[in-house]
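Structure at a glance
Below, each chain spelled out in residue letters.
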Amino acid sequence: MAVVLFLAIVGCFFGHGTAQDTAKPHILLIVADDLGWSDVSWNNPNVVTPNLHTLATTGVIFNQTYAQPTCSPSRTALLTGKFPYRLGMQRVMDSKKPHGLPLDEELLPQKLKKLGYATHMVGKWHLGSCKWEYTPTERGFDSFYGYHHGSQDYYTHKSARGLDFWDGKTSVSDQNGVYSTESFATRAENIISQHDPNTPLFLYLPFQSVHTPHQVPSSYLQTFSTIQDDNRKSILGMATALDDAIKRVTDALKGKGLWDNTLTIFMSDNGGEYSEGQSNWPLRGAKGTFWEGGTRVPAFVHGNMLERTGYTYHGMMHGVDILPTLVSVAGGTEDPGLDGKNMWQSISTGADSPRNEFVYDIDSGANRYAIRVGDYKLVTGNRAPKDDWYAPAEMQQMGILTEIADDTGPFLFNIKEDPLEKSNLYGAAEYASIQRAMRRRLNELKPYEVPFPDLADDPAADPSNYGNVWMPGWC
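Report follows, based on the coordinates.

Another aspect to go through is the overall build of the protein. In terms of regular secondary structure, the protein is built from eleven helices and 18 strands. Taken over C-alpha atoms, the radius of gyration comes to 22 Å for the protein, in line with the 23 Å a tight globule of 475 residues would show. Its C-alpha atoms give the protein principal-axis dimensions of roughly 65 × 55 × 50 Å. For the protein, the accessible area works out to roughly 17800 Å², and carbon and sulfur atoms hold 49% of it. The centroid of the 41 positive side-chain charges in the protein is displaced by 3 Å from the centroid of its 54 negative side-chain charges.

Take a look at the structure:
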């Protein structure tokens, strides 16, 4: 019965009567770091990302796809299919604290391995590494090439005083001076060139770009020479460098004969940080906030198995949906314990989204809460920071100015009618019933929170203890 069901499923994916009718698709999952809403060319023509643009516009662009406000929580949602507040992963992982993604969670690569996939990861982990059990090759990846922590120098690959670059469990020291975006693309090319075409491939590519520091080969800055803001110029150059690296990966898949059977998913891990040069314009807010600019991210899907392409999907979607969607595509069965929903039928055909709500976050320790139910969004607790509309430098030069917000909250918005979050409906009599219903729903969800652990820095983590390498195994 299971085999018959699987063949029926893949038959829906590949409707062309080819030899690939019984082949599981290869999966390429690309995550950009801190790439804002207005840092991609389909949302801002001043950005130069032609390869991503082609993939997006010939695939399906997502207009309402959400991530968590910061990177560790977003990666948690992506790889577990669960909202981070349920796992004590609501905040950014600290390299000196003995904490990691709970080991009893079965991650996306582990599920795909059970379905026959080869699983490889190249890039940023940031889900804990104080002990080896937390690290990628212990969590379902056949290989890992990248770094464990949140940020580092693009050329020296050092974070603070320590080197953080790994090939599996071996520290990498031969990439000093090589730009990480290019180093990651090279490793991805090598994985693809050595891959057995008869085995389905899962390649997870969480790039470092465009997270700070502002570093990019100088050749990428020439295109943006008229932009006076150095941070913005760097970010635009870094986005183009990222685009070139992704082209190298897709070209490698084409050269190996895998591309026609590859499903590609692209998204950012959170919104951009306006003070560092990224832009979420015209959305409100920035990275680290519950505003749309911090959580609504550029994303798309591309692949021949999509029934409908070349359109923008406006249905609600969240990073937790990636896992069940990909497991379904791979022929797996639904896990009722997940928060994520299988979005395949919706995004493949343009049908309505099965998702009607999601949690921006529940963090009682920080007294910060936000949920979305239908068209409405409630934000309560401590006042949200970075709450204005920040136009990128290239638009400011054209005379577009930022606006100043002065509301102290709580906040209630109709996101469908007011995606820029300019009209706070909280306290208005005509929305009293909606306000009460939203609060009831939030209160129903709060008991499921696992608090983020309040841990002190552990001196055992210091890289000076291990020859200036950020070594796992100290907790």
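Once you've had a look at it, read on.
In terms of burial, helix α3 (residues 71–80) is largely enclosed, as ten of its ten residues are buried. Of all the residues in α3, the buried ones are Cys71, Ser72, Pro73, Ser74, Arg75, Thr76, Ala77, Leu78, Leu79 and Thr80.

Membership of the largest hydrophobic core comes to 90 residues, with the highest contact counts inside it found for Leu108, Phe202, Leu203, Tyr204, Leu205 and Phe266. Here this core gets ten residues from one element, more than from any other, and that element is helix α6 (residues 230–255). Beyond its immediate sequence surroundings of up to four residues, Phe202 is in contact with Ile27, Leu29, Leu108, Pro109, Leu112, Tyr117, Ala118, Thr119, His120 and Phe141. Ile371, Ala384, Ile415 and Leu425 belong to the second-largest nonpolar core, a separate cluster that totals 27 residues.

Moving on to the state of the cysteines. Under the counting rule described, the total for this entry stands at one disulfide. Disulfide pairing is shown between Cys130 and Cys475; the S-S distance is 1.9 Å. As the torsion about the S-S bond is roughly 55°, the Cys130-Cys475 disulfide counts as right-handed. Here the residue Cys130 occupies a position in the loop between β4 (118–124) and β5 (143–147), and Cys475 occupies one in the segment after α11 (432–445), the gap between them amounting to 345 residues. Cysteine Cys71 remains unbridged, with the sulfur of Cys130 as its closest cysteine sulfur at 17 Å. Among the residues examined, Cys71 registers a relative accessible area of 3% and is labelled buried.

Now for the pattern of salt bridges. Applying the stated criterion across every chain, the model contains 28 salt bridges. As a salt-bridge pair, Arg161 and Asp462 come within 2.7 Å of each other at their nearest N and O atoms. Of this pair, Arg161 sits in the loop between β6 (158–159) and β7 (162–163) while Asp462 is found in the segment after α11, placing the two residues 301 residues apart along the sequence. Under the relative-accessibility criterion, Asp462 is labelled buried at 15%. In this structure, the salt-bridge partner of Glu292 is Arg296, at a minimum N-O distance of 3.4 Å. For the residue pair Glu292 and Arg296, the accessibility class agrees, reading buried in each case. Sharing partners across several salt bridges, the network here consists of Asp33, Arg75, Lys124 and Asp269.

Rules used throughout
- Residues numbered from 1 in each chain as written.
- Predicted model: local features only at pLDDT ≥ 70, side-chain atom pairs only at ≥ 80, totals over all residues.
- Heavy atoms only, no water.
- Helix = DSSP H or I, 4+ residues; strand = E, 2+ residues; numbered from the N terminus.
- Rg over C-alpha atoms; globule rule 2.2 N^0.38 Å.
- Areas by Shrake-Rupley, 256 points an atom, 1.4 Å probe, with all protein chains shown as cover.
- Lys, Arg positive; Asp, Glu negative; His and termini not counted.
- Charge placed at Lys NZ, Arg CZ, Asp CG, Glu CD.
- Buried < 20%, exposed > 50% of the residue type's maximum accessible area, 1.4 Å probe, protein only.
- Core = buried A, V, L, I, M, F, W, Y, C linked by side-chain atoms within 4.5 Å.
- Contact = heavy atoms within 4.5 Å.
- Disulfide = S-S within 2.5 Å.
- Salt bridge = Lys/Arg side-chain N within 4 Å of Asp/Glu carboxyl O.

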